[in-house]
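A closer look at the structure
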Amino acid sequence: MNYSLRVSLWPFATPLRASVAAVLSALSLAAVPTLASAQAPAARPGAAASAGAPIKLALIESLSGPFANTGEAVFRNIFWATERVNARGGVALPAAAGGARPLAVQRYDSKGQNEEALSALRAAIDDGARVVMQGNSSATAAALLDAINKHNEREPGKRVLFLNYSAVDPILTNEKCSFWHFRFDAHADMRMAALMEVVREDKALKSVYLIGQDYSFGQAVLREAKKQLAAQRPDVAVVGDELHPVGRVKDFAPYAVKIKASGAQAVVTGNWGNDLTLLVKAAREVGFDGSFYTFYGNALGAPAAIGDAGVGKVVAVADWLPNVPGAQSEAFYQSFRERFPKPQDDYVHMRMQLMVETLAQSITRAGSLDTVAVARQMEQASVQLAGRSGAMRAADHQFQQPLVVGVMDKQGQPGVRFDVEGSGYGFRVVRDIPAAKTQQPHSCNMQRF
């Protein structure tokens with residue numbers, strides 16, 4: 001059977017330099033170990049000997065193919081989050097449950113294919129993982145969720161939790177909601193509502209072009225864009241509405257030409273990875289000078305691809321951005337950059353840090369690794385880190401957290417201390433929307449355990 005690559009990673013290593021320790025002190029966190037390589041961590045003397053058996057976390061992502069950069073970005077974030085937990089002694093459990101236990105990330109390459117992801121899930125379960133993490137594709141998330149639901153019913157002694165950090169099709173916490181699934185990213189409707197906070201005030205905007213990836217998430221983004229535009233900006237005309245194949249378009253010039261010819265003043269897109277980078281690059285090359293309202297325009301090559309043409313015109317929504325004001329936020333970002341100094345590795349996600357913190361908190365409060373007990377604690381979880389916070393909504397297992405909207409600008413301009421990926425461009429925060437305002441209604445009717 002062609003299983004994906006499986007590498008078990010024990011995140012223990014030597015302490016950071018004093019400068020990084022000072023940064024972490026400002027975060028009120030224990031010092032994160034420094035590693036020569038995220039792929040081959042060195043062991044901190046004595047750590048493994050005093051720790052119980054590791055708690056295996058299976059990361060199922062595209063680690064090869066057109067979206068490999070997105071999968072590696074996820075890995076860096078989750079790996080860093082587990083380092084932080086392990087540096088403070090691991091997950092606290094009673095002696096009868098093995099005592100303090102470290103978190104260990106296992107990588108499984110889905111290669112961007114649902115069948116590969118399902119094979120990886122079977123391999124992860126066989127390897128002893130009871131926590132599965134995935135996010136970069138709502139279609140893959142739906143396939144995994146269906147398989148996990150069936151597995152948990154068939155084999156109650158090997159039940160699995162599914163932690164979702166990026167698959168944002170609203171259906172996953174509505175019609176397809178599951179007791180075993182927890183989403184830590186804001187879903188597409190929540191993100192679109194945040195973008196509309198800026199669109200609503202852009203009175204000069206009169207026409208938009210909608211473009212997205214042709215699968216459940218991309219379709220949901222365009223559907224919600226039309227709905228919210230009609231409700232909040234009925235004066236804005238939709239002059240284009242188009243879907244394209246996911247991860248297969250190498251040249252977006254034909255799409256860019258149509259966008260420019262439409263006369264659109266702005267593009268609204270949920271595209272991510274290379275599908276976003278190539279789109280904005282093509283738009284720049286054909287001379288499109290309108291705005292981009294994006295879900296993911298703040299990294300993975302997009303700012304560098306669009307360059308000066310994006311200053312004041314590329315808008316992105318996120319759970320957090322590096323230029324969120326405040327000493328705790330700045331220290332958090334600087335500690336990540338110390339840990340991963342290469343410019344191409346610069347993409348930190350607050351929600352993934354909060355996800356791992358939620359898991360560690362829930363296991364400790366459950367007092368065991370029993371899947372049902374941990375899930376019940378996750379339903380009640382509330383976590384804070386670096387001045388940001390979030391809480392799980394038990395009714396649908398949708399994490400509730402603040403969202404921010406940023407506008408691209410040159411590094412050094414007011415509000416843009418940090419750039420993105422060494423590009424010289426960063427995002428100035430123009431909206432910081434509290435969790436109470438980002439909430440959306442749900443239609444979940446969950447079977448509980």
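Quick summary incoming for the structure in this document.

Definitions and cut-offs
As a convention, each chain's residues are numbered from 1 in the sequence order in which they are written. Confidence filtering applies because this is a predicted model: local features only for residues at pLDDT of at least 70, side-chain atom pairs given and counted only at 80 or more, and all residues used for totals across whole chains, interfaces and linings. Calculated side-chain values reflect all of the structure's heavy atoms, with hydrogen atoms and water omitted. In summary, the pairing rule links any two rings of Phe, Tyr or Trp, Trp by its six-membered ring, whose centres are within 6.5 Å, and it sorts them by plane angle into stacked for under 30 degrees, edge-to-face for over 60 and tilted for everything else. Elements are defined by DSSP. Helices are runs of H or I of four residues or more, strands are runs of E of two residues or more, and each kind is numbered from the N terminus. Exposure classes here rest on a 1.4 Å probe applied to the protein chains alone. A residue is buried below 20% of its type maximum, exposed above 50%, and partly exposed in between. Our definition puts a charge over a ring when NZ of Lys or CZ of Arg is within 6 Å of the ring centre and also within 35 degrees of the ring normal. Paired strands, as defined in this entry, are two strands with at least two bridges between them according to DSSP. Structural elements are reduced to axes, namely lines fitted to C-alpha atoms, with helices fitted over the stretch in contact, and the angle between N-to-C directions of any two is expressed from 0 to 180 degrees. The contact rule is simple, with two residues in contact once any of their heavy atoms fall within 4.5 Å. To count as a disulfide, a pair of cysteine sulfur atoms needs to be within 2.5 Å.

Here we take up the packing of aromatic side chains. Under the defined criterion, the tally for this structure stands at 18 aromatic pairs. Where Trp80 meets Phe336, the ring centres are 5.2 Å apart and the plane angle is 80 degrees; that geometry is what we call edge-to-face. Of this pair, Trp80 sits in helix α3 (residues 68-87) while Phe336 is found in helix α11 (residues 327-339), placing the two residues 256 residues apart along the sequence. Here Phe288 and Phe292 contribute two aromatic rings whose centre-to-centre distance is 5.8 Å and whose plane-to-plane angle is 85 degrees, an arrangement assigned as edge-to-face. Like Phe288, the residue Phe292 is buried in the burial classification. The structure contains a cluster of three or more aromatic residues connected by ring pairs, namely Trp80, Trp320, Phe332, Tyr333, Phe336, Phe340 and Phe418. It is Arg107 that lies over the ring of Phe75; its NZ or CZ is 4.6 Å from the centre.

For the rest of this paragraph, the subject is the sheet that holds strand β16 (residues 425-433). An order of β8-β7-β9-β10-β11-β15-β16 is seen for the seven strands of this open sheet, with the pairing classed as mixed. The outermost strands of the open sheet, each flanked by one partner alone, are β8 (237-244) and β16. Looking at each pair of strands side by side, their axes are set apart by 20 degrees on average, direction ignored. Along the sheet, helix α7 (residues 216-232) contacts β7 (207-213), β8 and β9 (266-269); its crossing angle with β7, the most-contacted strand, is approximately 160 degrees. The strands touched by helix α9 (residues 274-285) within the sheet are β7, β8, β9 and β10 (291-294), with β10 carrying the most contacts at an inclination of about 170 degrees.

Glancing now at the state of the cysteines. By definition, a disulfide is the covalent link that joins the sulfur atoms of two cysteine residues. If you walk through the whole model with that rule in mind, you get one disulfide. For Cys177, the disulfide goes to Cys444, at an S-S distance of 2.1 Å. The chirality of the disulfide connecting Cys177 with Cys444 is right-handed, given an S-S dihedral of about 85 degrees. Taken as a pair, Cys177 in the loop between β5 (161-164) and β6 (181-183) and Cys444 in the segment after α14 (435-438) lie far apart in primary sequence, 267 residues in all. Each of the two residues, Cys177 as well as Cys444, counts as buried.

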